[in-house]
Amino acid sequence: MADSESRSNVLVLGAGIIGLTTALKLQETGRYDVTILAETFPTDPRTIRYTSHWAGAHHVSHAEDNEQWQKIDRETFDIMWAHSAPDHPASHCFHRHQQTIYEATNRTHVKWLEHMPEFRYLSSDELLPSDTLGYTFRTVTITPSLYLSYLFSCFFANNGTAVRASLQHIDQVLEKGITPFLHAPVGANHNTGIKPRGIDALFVCTGLGSRSLGGVEDKRVYALRGQTVLLRAPWVRVGKSFNGRDGTYTYVMPRKNGDVGPPIVVGGMAH
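Note that the structure is a prediction, hence the values are computed from the model and not measured.

Draft legend 1. Region of interest: the nonpolar core. Ranked by internal contacts, the top residues of the largest apolar core, which has 28 residues, are Ile36, Phe94, Tyr147 and Phe155. Where this core is concerned, the elements lending two or more residues are strand E1 (8-13), helix H1 (17-28), strand E2 (32-38), strand E5 (133-142) and helix H3 (144-157). Here this core gets seven residues from one element, more than from any other, and that element is H3. Ranked by size, the runner-up nonpolar core spans twelve residues in total, among them Leu37, Val163, Phe181 and Ile199.

This is the structure we're talking about:
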């Protein structure tokens, strides 16, 4: 591992699933001092300005023919499948289950999912009359609140620093680093001895905020709205979803049984 003087200083904007994961992957190299700067953190009261808490969430790729997206989704699944193993410290955040998807669409295959564990296409006698395609495989669902807490604690355990701030433009940190914001470190690393330093690299993981963040303003990012209900139905241990020809998407996602909220997510109507 490089000593502190030789390590590069890296700043990650955003403390959702993507921001925390990015920070941890950087820490794993041993070559970077990593700071997360965000307006909201996993330990804060829940708010619509922080979307990671509200995810379902199961791992089902929608990459279709996009090879880059396929590669990212496959690598992500491999990590989550490993994290869901019974002997992994994050296993309490995951539920391994059988996922079955029914479609009334123009698709004839889902090749981007055929690598999933125990994947198979459903036979015609397993489909409803309106279905045109069906398939089933093993995957995971995540309890986001637990997984966020796990990632955040790992980040601090690796000597990460978290600073609370609201940015209007990335130039605010590109010009002076985190120095103007050092009055507000968050969590375990409330370190008033942090030396003012510029940053060597910036990773923008601000989710929907990327649409309006000055210097980024990525208009390709858009919100996807859905309606969900949490149910206490611990006997439901498999996932099912339906993709309609009109773009409707309904689903049942079973989470791991435990003390954090109802274990079943029922939802749909994404648009």
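Following the structure, the description resumes.
Draft legend 2. Geometry of empty space enclosed by the protein. According to the stated counting rule, one finds one cavity of 30 Å³ or more in the structure shown. Estimates place the volume of the largest cavity at around 50 Å³. What lines the largest cavity is simply Val60, Ser61, His62, Ile101, Glu103, Arg107, Trp112, Leu113, Tyr135, Asn243 and Tyr249. Looking at the lining of the largest cavity, its residues break down into six nonpolar, three polar and two charged.

Draft legend 3. Quick peek at the environment of Gly134. Residue position: Gly134 is located in strand E5. The spatial distance from the C-alpha of Gly134 to the C-alpha of Tyr121 is 5.9 Å, given a sequence separation of 13 residues.

Draft legend 4. Inspection of the packing of aromatic side chains at higher detail. Under the counting rule described, the total for this entry stands at twelve aromatic pairs. Measuring from ring centre to ring centre gives 5.6 Å for Phe41 and Phe152, while their planes differ by 20°; the resulting arrangement is stacked. Of the two residues, Phe41 sits in the loop between E2 and helix H2 (67-83) while Phe152 sits in helix H3, which places them 111 residues apart along the sequence. Across this residue pair, the class does not change: Phe41 and Phe152 are buried. Arranged with centres 4.9 Å apart and planes meeting at 90°, the rings of Phe119 and Tyr121 form a pair that is edge-to-face.

Draft legend 5. Geometry of the side chain of Thr139. Considering the arrangement of structural elements, one finds Thr139 in strand E5. At a separation of 2.6 Å, a polar atom in the side chain of Thr139 contacts the main-chain carbonyl oxygen of His59. Those residues in contact with Thr139 that lie beyond four places of it in its chain are His59, Phe77, Trp81, His95, Arg96, His97, Gln99 and Met116.

Draft legend 6. Spatial organisation of the pattern of salt bridges. According to the stated counting rule, one finds nine salt bridges in the structure shown. The shortest N-O distance in the salt bridge between Arg7 and Asp33 comes to 2.8 Å. Taken as a pair, Arg7 in the segment before E1 and Asp33 in strand E2 lie far apart in primary sequence, 26 residues in all. Comparing Arg7 with Asp33 shows no difference in burial state: the two are buried. A salt bridge links Glu28 to Lys25; its shortest N-O distance comes to 3.3 Å. One end of the pair is Glu28 and the other is Lys25, both in helix H1 and three residues apart, which spans about a single turn.

What counts and what doesn't
Sequence order sets the numbering: in each chain, residues are counted from 1 along the sequence as written. Note on the predicted model: pLDDT of at least 70 is required for a residue's local features to be given, and 80 or more for side-chain atom pairs to be given and counted; whole-chain, interface and lining totals, by contrast, use all residues. Computation of side-chain values: all heavy atoms of the structure, hydrogens and water removed. Take the buried Ala, Val, Leu, Ile, Met, Phe, Trp, Tyr and Cys residues and link them wherever side-chain atoms come within 4.5 Å; each set so joined is a nonpolar core. For the exposure calls, accessible area comes from a 1.4 Å probe over protein chains only, and a residue counts as buried if that area is under 20% of its type's maximum, exposed if over 50%, partly exposed in between. Strands are runs of DSSP state E lasting at least 2 residues, helices are runs of H or I lasting at least 4, and numbering of each runs from the N terminus. Every definition here rests on a 1 Å grid over the protein atoms only: cavities are sets of points where a 1.4 Å probe fits but cannot get out, pockets are open sets enclosed by protein on both sides within 12 Å along at least five of seven lines, and lining residues have some atom within 4 Å of a point. Grid points are joined across faces, edges and corners, and a volume is the space filled by probe spheres set on the points. Here the nonpolar group is Ala, Val, Leu, Ile, Met, Phe, Trp, Tyr, Cys and Pro; Asp, Glu, Lys and Arg are the charged ones; every other residue, Gly included, is treated as polar. Classification of ring pairs rests on two measures: the distance between centres of Phe, Tyr or Trp rings, Trp counted by its six-membered ring, which must be within 6.5 Å, and the angle between planes, read as stacked under 30 degrees, edge-to-face over 60 and tilted in between. Each polar contact in these results corresponds to two N or O atoms within 3.5 Å; when the atoms are within protein, one needs to be able to donate a hydrogen and the other to accept it, and residues that are neighboring in sequence are counted only if both atoms are side-chain atoms. Should any heavy atoms of two residues lie within 4.5 Å, those residues are considered in contact. Criterion for a salt bridge: a side-chain nitrogen of Lys or Arg within 4 Å of a carboxyl oxygen of Asp or Glu.

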